[in-house]
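Single-letter residue listing:
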Amino acid sequence: MLTLEQVTKVYKVGTFGGKRLTAVRGVSFEVKPGEVVSLIGESGSGKSTVGRMILRLTPVTEGSITFDGVDVADLKRRRVKGYYREVQGVFQDPFSSYNPIFKVDRVFGMIRSAYFPELSSADWQRKLQASLQDVSLEPAHVLNKYPHQLSGGQLQRLLIARALLLDIKYLVADEIISMLDASTRIDVLNLLGELKARGLGVLFITHDLSLGHYISDTTMILRKGVLVERGPTERVFANPRHPYTQMLLDSVPQLHTKWSGGRSAPADTAEGENGVVPELVEVEPGHFAAS
Amino acid sequence: MSVQVDNLRVYYRTLRGDVQAVDGVSFAIADGEIMGLAGESGCGKTTLGKSLIRMDARMRRVEGRVALDHVELPLDDTRAMNKHRFKDISLVPQYAMSALTPTRKVGKLIEELLESRGVGFATVRPELERRLSLVGLSRDVLSMYPIELSGGMKQRTVMVLSTLLNPALLIADEITSALDVSTQKAVAETLVEFRDRGYVKSMMVITHDLAILYQVADSILVMYAGKLAEKAPAEVIIRSPLHPYTQLLISSLPEVGVTYEEQRLTGIPGRPPPLLDPPTGCRFRDRCPLAFDKCVEEPPFVEVEPGHHVACWKVL
C-alpha cells in the first residue's frame, strides 16, 4: 500500500532561493494494489510534484510517504533500489524520455545490468519477450531500433514494458497519453486497465477529466496544491460537491453535448491560500469534499 | 464564397525528396462560417493553415489556387502576400503565449504593428480597449510587458490583436491545446463571439481535439495523411460520420460518462503512412477495416449528400 500523509512541498524560488512557493499542501491519500487512482488538476496545481515526490525525485518538505509501512524518505542505498523495483514512473513526453543515440535494447540492457546481473541471457530474453507481450508490442518491430524510428505510442508502451521488467507493484503515470495521437492514446489507456486487473496499483496523473473518468476507480481533484475532492469516480462525476469540481465538469468539451450557456467565470475562492488546509468532509460514503 | 481553395498542393523540399504534406485539397469557407480542421499530428493541417498566410522557405506550392473574396492570393510571393497579411488574413499561432515580443510593452507592440499597415494607433485605440474589455482584460495590459501576463491572458491579447483590423479570414492554429479546461472554454467562446460580432468574417480553427470543434465549429474538415477525408456540418461529422477513419477516430475518444469496465474503446491499429513517399490509392487503406481491392485506386472527394463530402470507395 502506498500512503501519503499530510504531504506538503515548499519550493525555494527566486534569486538565492529567497522566496517560498508552496506547491502541495497537506495532501493525504492512498493507492491500493489493483486500483487506478486518478489525480486531476490544472497546470500548476502540483499534480506532477506529487508524482515526483512518490518517486523520490524531489524531497518531501513535510508529511510522509510510506510504502508498505516504511517511510520512503528514509530509504538508503540498497533499499532505494529495492523500492524502485516495486514503484516506477512513466512521464509525459516519450520523445524526450529516451536518449536519442541509444537503441531500445540498450535501454533495457541498463535495467538488466542494474537489477538482474545474475540472470542468464536466455532467461533475460524470455523475460523481455514476456514484458513486451504484456504491452502488446511485437519484439521484432521495436527491438534493435532507435527511438526516432518508433511512434509515440510504441515508445510510451516500451517505457511501461521497462517498468514491468522490474515486477513493479505501483506505477506513477504522469500525463502518459497527453502527447499521443487520438487514434493510439486509447490503447495505452486500455493497457493500464489490463495492468490493473493483474493487481498493479496506478496513480494516473492527468488534466483530462474524461480520461480520468474512463480508467479510474478513485478520483481526486487537486487545486493549487490542495485536494478539494476525493471519492469513487462515479460519485465524484455524478455528484460533484465542490464548486471547483463543478466548474471543471462544466468546462469539459463533450463530443455529443454542447456547452450550456453562460460564459465560464472561474470561481476564485482559493482554499489554503493563507496556509490553512480545508478539512475534507465525508459527504457520502467514501466521498470527501472540502467544505 | 469568402474563401475558395482549389486543388492546393504544398510540398516540403527536403534532401530526400518532397514531403507531400498537403496533396490536392479543395474546399470553401462561407462568410460567417467557422470551419474546423481536424486530424492527427503530421496529417498536414498546420501546413494547410500556414500556406494560406505565410509559406516558409522549405514550402513550395506545386499547384492549386486560393481565392479570398474572388481575389486570388499570391501564395508563393511572400512580398506580395504582405499587403494581405493581418488586414485580410490573420493568424493566431500555435504558441500564442510566446508570440509577443518580450522586450516590447504590449501597447507599443500593437502600435508598431498598426503603423506597418499604415493605420494610426490613436484611431484604433478606443476600439482596441473595447475589445480588450470584451475578453475580460483591462486597458492596463497595454502598458505591461508580456511576461507580466498569464498564459490565458496572453492568448486573449493575441486574439484581440490578430483580429483588430477585422480580417476576412482568421486562422487559429491549436489555440486551445496548451490551456486548462476552464481557460479553454473561455478562449473557444471568444472565437465564436468575435464571429458573431463580425470582427472576423470566416475562421479556420485547426485542432486535433474534435470535442472542442464540436463546441465552436459550423463545419468540420477531417484530414488524413495530407488529403481530405471528410467534410460536413459539425453535427453530421460527430453523429453520423461516413469515412471509416472519422468513424474510428470518434469511437476512440473517451467522454465523461464512458468507463473502461462498461465500454471498452479501441484505437486504430497502425500508424499514418510516411508523406515522403506516400502509398498510391487511398492512404488510409493499410489501417482500414473495410479496405478492399478497389482501394488501390485513389478515391475522389465527392459530395454524397448536400454539404457532406467524403473520399471513400465504400461510401460512393
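Residues numbered from 1 in each chain as written. Chains lettered and ligands numbered in written order. Predicted model: local features only at pLDDT ≥ 70, side-chain atom pairs only at ≥ 80, totals over all residues. Heavy atoms only, no water.

Moving on, we come to the overall build of chain A. Within chain A, the secondary structure is distributed over eleven helices and twelve strands. Its C-alpha atoms give chain A a radius of gyration of 20 Å, near enough to 19 Å, the size a compact globule of 291 residues would have. Along the first, second and third principal axes, the C-alpha set of chain A runs to 60 × 50 × 45 Å. Taking all 291 residues of chain A together, 53% fall into the buried category. Considering only contacts in chain A between residues 6 or more positions apart, those separated by 24 or more positions represent 67%. Within the structure as shown, chain A displays about 13000 Å² of accessible surface, and the carbon and sulfur contribution to it stands at 51%. If you average the places of the 34 positive and of the 32 negative side-chain charges in chain A, the two averages end up 7 Å apart. (Helix = DSSP H or I, 4+ residues; strand = E, 2+ residues; numbered from the N terminus. Rg over C-alpha atoms; globule rule 2.2 N^0.38 Å. Buried < 20%, exposed > 50% of the residue type's maximum accessible area, 1.4 Å probe, protein only. Contact = heavy atoms within 4.5 Å. Areas by Shrake-Rupley, 256 points an atom, 1.4 Å probe, with all protein chains shown as cover. Lys, Arg positive; Asp, Glu negative; His and termini not counted. Charge placed at Lys NZ, Arg CZ, Asp CG, Glu CD.)

Moving on, we get to the packing of helix 3 (residues 106-116) of chain B against helix 4 (residues 121-134) of chain B. Residue and element names in this part refer to chain B. Here helix 3 crosses helix 4 at 125°, and the two axes come no closer than 10 Å. Between helix 3 and helix 4, the angle is such that the two are oblique. In the packing of helix 3 onto helix 4, the handedness of the crossing is right-handed. Contacts from Gly107, Ile110, Glu111 and Leu114 of helix 3 reach helix 4 at Phe121, Val124 and Leu128. Classifying every residue of the contact of helix 3 with helix 4 by side-chain character gives five nonpolar, one polar and one charged. (Axes fitted to C-alpha atoms, helices over the stretch in contact; angles between N-to-C directions. Parallel < 35°, antiparallel > 145°, perpendicular 65-115°, else oblique. Left-handed = near helix turned anticlockwise from the far one by under 90°. Nonpolar A, V, L, I, M, F, W, Y, C, P; charged D, E, K, R; others polar.)

This next bit is on the sheet that holds strand 2 (residues 17-29) of chain B. All names here are of chain B. Taken in spatial order, the four strands make up an open sheet running 2-1-4-5, and their pairing is antiparallel. This sheet does not close on itself; its edge strands, each paired only once, are strand 2 and strand 5 (71-72). Where strand 4 (residues 59-68) meets strand 5, two bridges bridge the pair, whose relative direction is antiparallel. Bridging across to strand 5, Ala67 finds its partner in Glu72. (Pairing = 2+ DSSP bridges.)

Residues and elements named next belong to chain A. Between helix 7 (residues 152-164) and helix 8 (residues 182-197), the least distance of the axes is 10 Å, while the angle of their chain directions is 20°. Classified by the angle their axes make, helix 7 and helix 8 are roughly parallel. Handedness of the crossing formed by helix 7 with helix 8: right-handed. Residues Gly153, Arg157, Ile160 and Leu164 of helix 7 pack against Asp187, Val188, Leu191 and Leu195 of helix 8.

Residues and elements named next belong to chain A. Between the first and last C-alpha of helix 8 there are 24 Å, a value that for 16 residues agrees with the 22 Å anticipated at 1.5 Å per step. Here helix 8 lies mainly inside the structure; 13 of its 16 residues are buried. Just downstream of helix 8, Gly199 is the residue with a positive phi angle, here 100°. (Expected span 1.5 Å × (residues − 1).)

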